[in-house]
Amino acid sequence: MYTVSTLVTPELASELLDNNVNNRSLRQSYVNHLVNELTEGRWHLTHQGIAVATDGRLLDGQHRLTAIVESGLSATLNISYDCDPNAFKVIDTGTARTCADVLRADSSQTRAESVTAAAVKLVYLYHNFPALVWIGSLTKVSHSVLLDFYHEDSDFYLYGVELANFARKEYKFFSTKSAIAAFVVLVMQSSRCNLIDARNSLDDFIKKAATGLHLDEYDPRFVLRKQLVNGWQPIATNKSQLWLAIWIKLYNLHMLDASVKLFKAPSFPPMPKVQSSC
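Summarised in this report is the structure supplied together with it. Only a predicted model underlies this, so the values are computations on that prediction, with no experimental measurement involved.

## Overview of the pattern of salt bridges
Part 1: Enumeration according to the criterion identifies four salt bridges in this entry.
Part 2: As a salt-bridge pair, Asp-55 and Arg-57 come within 3.0 Å of each other at their nearest N and O atoms.
Part 3: Classification of Asp-55 as partly exposed rests on a relative accessible area of 47%.
Part 4: A residue is classified by how much of its surface remains accessible, and Arg-57, at 25% relative accessible area, is partly exposed.
Part 5: In this structure, Lys-208 and Asp-204 form a salt bridge, with 3.7 Å as the shortest nitrogen-oxygen distance. With Lys-208 and Asp-204 both in helix α9 (residues 195–211) and four residues apart, this pair spans about one turn of that helix.
Part 6: Judged by relative accessible area, Lys-208 falls into the partly exposed class, the value being 26%.
Part 7: Taking relative accessible area as the criterion, Asp-204 reaches 35% and is therefore assigned partly exposed.

So this is what it looks like as structure tokens:
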């Protein structure tokens, strides 16, 4: 077996795909993802590439090659020739790298954790797909996109983790990743007025929501907390998305100084917008 770094044109990709026999089913959603990586200039040469058997059959790389054909763009790939046909049985059986793996590998952000990575994706989906339910292929976002998105507001995520950790100690009924995402969304939106004031206001909002102290019995935070203690469980296809929506609705009711006797889970899509404090 030998490997050659090659500029794969759509024409060469098509030729290689002509020998794509008995491969696994093509996942079009993944092809679309790779096409987007190509067109947005996020394609990088890695050790993963194309595998061609001794008999000329394509063993690995059908999704990459199909993306090159569909995009009409060329890309540099490592092509390994004269591979053992039996290698097909063990190709791609490992675990894919998660967003958390990428964040941990980035030496400048060693404090990132798995739950933070999940929160980054929720915030990304909130900003980019507020009118959809986040299930299926929609939730597939490239690691490089999420990492760039995280870097733009990394301080907000560290702040969100700090608030969520505090709230979780007092108030164990919610999804931690959704809480982090919600706090990031809230501080992003409210800091457009004044970052210090926004953080002080959000600190107070979260701490009272978590502890229930010094709240009127009709305060939405107190009502929600009481319902959860009594066993109320909101239902949705995507619970992480639901809890993000719940936190935003709770904050909006707080900003409107609203009183409620019963807290109702928000219906979505679309996701609720944050009530402006400006």
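## Describing the packing of α9 against helix α11 (residues 239–255)
Part 1: It is the contact of α9 with α11, at a shortest axis distance of 12 Å, that shows an interaxial angle of 110 degrees. One finds that α9 runs roughly perpendicular with respect to α11. The two elements α9 and α11 meet at a crossing, and its hand is right-handed. Contacts between α9 and α11 involve Leu-202, Phe-205, Ile-206 and Ala-209 from the first element and Trp-247, Leu-250, Tyr-251 and His-254 from the second.
Part 2: Looking at the contact of α9 with α11 residue by residue, the classes come out as seven nonpolar, one polar and no charged.

## Comments concerning the packing of aromatic side chains
Part 1: Evaluated as defined, the whole model comprises seven aromatic pairs.
Part 2: The interplanar angle of 85 degrees and the centroid separation of 5.3 Å between the aromatic rings of Tyr-124 and Phe-149 together place this pair among those described as edge-to-face. Highlighted residues: Tyr-124 in helix α5 (residues 114–128) and Phe-149 in helix α6 (residues 143–152), separated in sequence by 25 residues.
Part 3: The interplanar angle of 75 degrees and the centroid separation of 5.1 Å between the aromatic rings of Phe-183 and Trp-247 together place this pair among those described as edge-to-face. Residue Phe-183 is found in helix α8 (residues 176–190), and its partner Trp-247 is found in helix α11; the two are separated by 64 residues along the sequence.
Part 4: Looking at Arg-199, its charged tip hangs above the ring of Tyr-159, at a distance of 4.5 Å from the centre.
Part 5: The residue whose ring lies beneath Lys-207 is Phe-166, and the NZ or CZ to ring-centre distance is 5.9 Å.

## Considerations on the layout of surface pockets
Part 1: As a volume, the second largest pocket reaches approximately 210 Å³.
Part 2: Taken together, Asn-32, His-33, Asn-36, Glu-37, Arg-42, Tyr-124, Phe-129, Leu-138, Lys-140, Val-141, Ser-142 and Val-145 form the lining of the second largest pocket.
Part 3: If you tally residues by element for the lining of the second largest pocket, the top one is helix α2 (residues 28–39), at four residues.
Part 4: Grouping the amino acids of the lining of the second largest pocket by side-chain chemistry returns five nonpolar, four polar and three charged.

So, how was this worked out
Residues numbered from 1 in each chain as written. Predicted model: local features only at pLDDT ≥ 70, side-chain atom pairs only at ≥ 80, totals over all residues. Heavy atoms only, no water. Salt bridge = Lys/Arg side-chain N within 4 Å of Asp/Glu carboxyl O. Buried < 20%, exposed > 50% of the residue type's maximum accessible area, 1.4 Å probe, protein only. Helix = DSSP H or I, 4+ residues; strand = E, 2+ residues; numbered from the N terminus. Axes fitted to C-alpha atoms, helices over the stretch in contact; angles between N-to-C directions. Parallel < 35°, antiparallel > 145°, perpendicular 65-115°, else oblique. Left-handed = near helix turned anticlockwise from the far one by under 90°. Contact = heavy atoms within 4.5 Å. Nonpolar A, V, L, I, M, F, W, Y, C, P; charged D, E, K, R; others polar. Phe/Tyr/Trp six-rings, centres within 6.5 Å; stacked < 30°, edge-to-face > 60°. Lys NZ or Arg CZ within 6 Å of the ring centre and 35° of its normal. 1 Å grid on protein atoms, 1.4 Å probe; cavity = no way out; pocket = protein on both sides within 12 Å on 5 of 7 lines; lining within 4 Å. Points joined across faces, edges and corners; volume = space filled by probe spheres on them.

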